[in-house]
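Examining the three-dimensional arrangement
One letter stands for each residue in the lines below.
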Amino acid sequence: TQLLEQSPQFLSIQEGENLTVYCNSSSVFSSLQWYRQEPGEGPVLLVTVVTGGEVKKLKRLTFQFGDARKDSSLHITAAQPGDTGLYLCAGAGGGADGLTFGKGTHLIIQP
Amino acid sequence: NAGVTQTPKFQVLKTGQSMTLQCAQDMNHEYMSWYRQDPGMGLRLIHYSVGAGITDQGEVPNGYNVSRSTTEDFPLRLLSAAPSQTSVYFCASSRQGRAGAFFGQGTRLTVV
């Protein structure tokens, strides 16, 4: 069974601080995706990374795919209250069907 | 632009009842899937389909059936509801299995 371990599980920081969320696995994935989910809603795709070492930026969010395609990180610069939510990483391929999801990081940005 | 539409949004069932969760997408995606989301467990794959007429089991398929008669629709059937099936169910679609997925708003199901 493929596993994606996300850390930290919970994170509460002040507005303006920086943070990094990690997604690690012992399996190799053909692509890795990051989603953000708000209460009562479905996950919304933020980014897909497919190449080892790839870095993608989405405004204040920076996503990186590990060189070996087993891990990824999400870095938020100058966090804002609107960044509050559940962040999920998901891996595709590597022998499993569909997407394998991590358990998520609950992020709270306090004003 | 509807995307992925799930109905109903909320449902309460008695143990042993059956029901169908509906899912429709208007993006002409070949790949569709069903997940359940439980506290502390994350999202787990129930069933998926790579195209009309083709379905396969995911990680937690027991107690659920699916069919894919059209590209647009992918209903999930609970055969005989059990309290362990209390969960939030999400349908998703994508161009292919490894591409980013679009999710519906979810169905919150309670089995009493």
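Look up a bit, the structure's there.
Values in this document were obtained by computation on a predicted structure and should not be read as measured data. (Residues numbered from 1 in each chain as written. Chains lettered and ligands numbered in written order. Predicted model: local features only at pLDDT ≥ 70, side-chain atom pairs only at ≥ 80, totals over all residues. Heavy atoms only, no water.)

Moving on, we get to the interface of chain B and chain A. Across the contact, 20 residues belong to chain B and 21 residues belong to chain A. Counting each side, the surface lost to burial between chain B and chain A is near 1,500 Å², with a carbon and sulfur contribution of 51%. Across the chain B-chain A interface, the total number found is zero salt bridges. Those elements giving two or more residues to the side of chain B that touches chain A turn out to be β4 (31-38) and β5 (42-51) of chain B. Its residues placed into classes, the side of chain B that touches chain A shows 10 nonpolar, eight polar and two charged. (Contact = heavy atoms within 4.5 Å. Buried area = accessible area lost by both parts, 1.4 Å probe. Salt bridge = Lys/Arg side-chain N within 4 Å of Asp/Glu carboxyl O. Helix = DSSP H or I, 4+ residues; strand = E, 2+ residues; numbered from the N terminus. Nonpolar A, V, L, I, M, F, W, Y, C, P; charged D, E, K, R; others polar.)

Turning next to the sheet that holds strand β1 (residues 4-7) of chain B. Across a sheet, strands are paired by hydrogen bonds formed along the backbone, either parallel or antiparallel in direction. All names here are of chain B. Read from one edge to the other, the open sheet built from four strands follows the order β1-β3-β8-β7, with strand pairing classed as antiparallel. Whereas interior strands pair on both sides, the edge strands pair on one side only; in this sheet they are β1 and β7 (64-66). Averaged over all neighbouring strand pairs, the angle between strand axes comes to 20°, with direction disregarded. Two strands pair when backbone bridges link them, and β7 and strand β8 (residues 76-78) are joined in this way by three bridges, in the antiparallel orientation. Residue pairing across strands places V66 opposite L76, the latter belonging to β8. (Pairing = 2+ DSSP bridges. Axes fitted to C-alpha atoms, helices over the stretch in contact; angles between N-to-C directions.)

The subject of this paragraph is the state of the cysteines. With the rule as written, the count across this model stands at two disulfides over all chains. The partner cysteine of C23(A) in its disulfide is C89(A), sulfur to sulfur 2.0 Å. Its S-S torsion of about 75° marks the bond between C23(A) and C89(A) as right-handed, since a negative value means left-handed. In this pair, C23(A) is assigned in strand β3 (residues 19-24) and C89(A) in strand β9 (residues 85-92), connecting sequence segments 66 residues apart. Overall, the relative accessible area of 0% leaves C23(A) in the buried class. When its relative accessible area of 0% is taken as the criterion, C89(A) is described as buried. Between the sulfur atoms of C23(B) and its disulfide mate C91(B) the distance is 1.9 Å. In this structure the cystine formed by C23(B) and C91(B) twists about its S-S bond by roughly -70°; its chirality is therefore left-handed. Taken as a pair, C23(B) in strand β3 (residues 19-25) and C91(B) in strand β9 (residues 87-94) lie far apart in primary sequence, 68 residues in all. (Disulfide = S-S within 2.5 Å. Buried < 20%, exposed > 50% of the residue type's maximum accessible area, 1.4 Å probe, protein only.)

L19(A), L32(A), W34(A), L74(A) and I76(A) are the most contacted members of the largest nonpolar core, which has 20 residues in total. For this core, the secondary-structure elements that each account for two or more residues are β3, β4 (31-37), β5 (44-49), β7 (61-65), β8 (71-76), β9 and β11 (105-110) of chain A. Counting residues in each nonpolar core, the second largest holds 18 residues, with M32(B), W34(B), V66(B) and C91(B) among its members. (Core = buried A, V, L, I, M, F, W, Y, C linked by side-chain atoms within 4.5 Å.)

Each pair of aromatic rings is reported with the distance of its centres and the angle of its planes. The tally for this structure, following the rule as stated, stands at nine aromatic pairs over all chains. Taking the centre distance of 6.1 Å and the plane angle of 75° together, the rings of F101(A) and F103(B) count as edge-to-face. Here the residue F101(A) occupies a position in strand β10 (residues 99-101), and F103(B) occupies one in strand β10 (residues 102-103), the pair thus bridging two chains. Residue class for F103(B) comes out buried when judged on its relative accessible area of 11%. Consider the rings of Y31(B) and Y48(B), whose centres lie 5.8 Å apart with planes at 20°: the pair is stacked. (Phe/Tyr/Trp six-rings, centres within 6.5 Å; stacked < 30°, edge-to-face > 60°.)

Turning our eyes to something else, we now look at the pairing of β8(A). Residue and element names in this part refer to chain A. Here β3 runs beside β8; their pairing, made up of six bridges, is antiparallel. Pairing of V21 across the sheet is with L74, part of β8. Here β7 runs beside β8; their pairing, made up of five bridges, is antiparallel. Its bridge partner being in β8, L61 is matched across the sheet by I76. The antiparallel pairing of β7 with β8 creates a hairpin that spans five residues between the two strands, and R69 there sits at a positive phi of about 60°.

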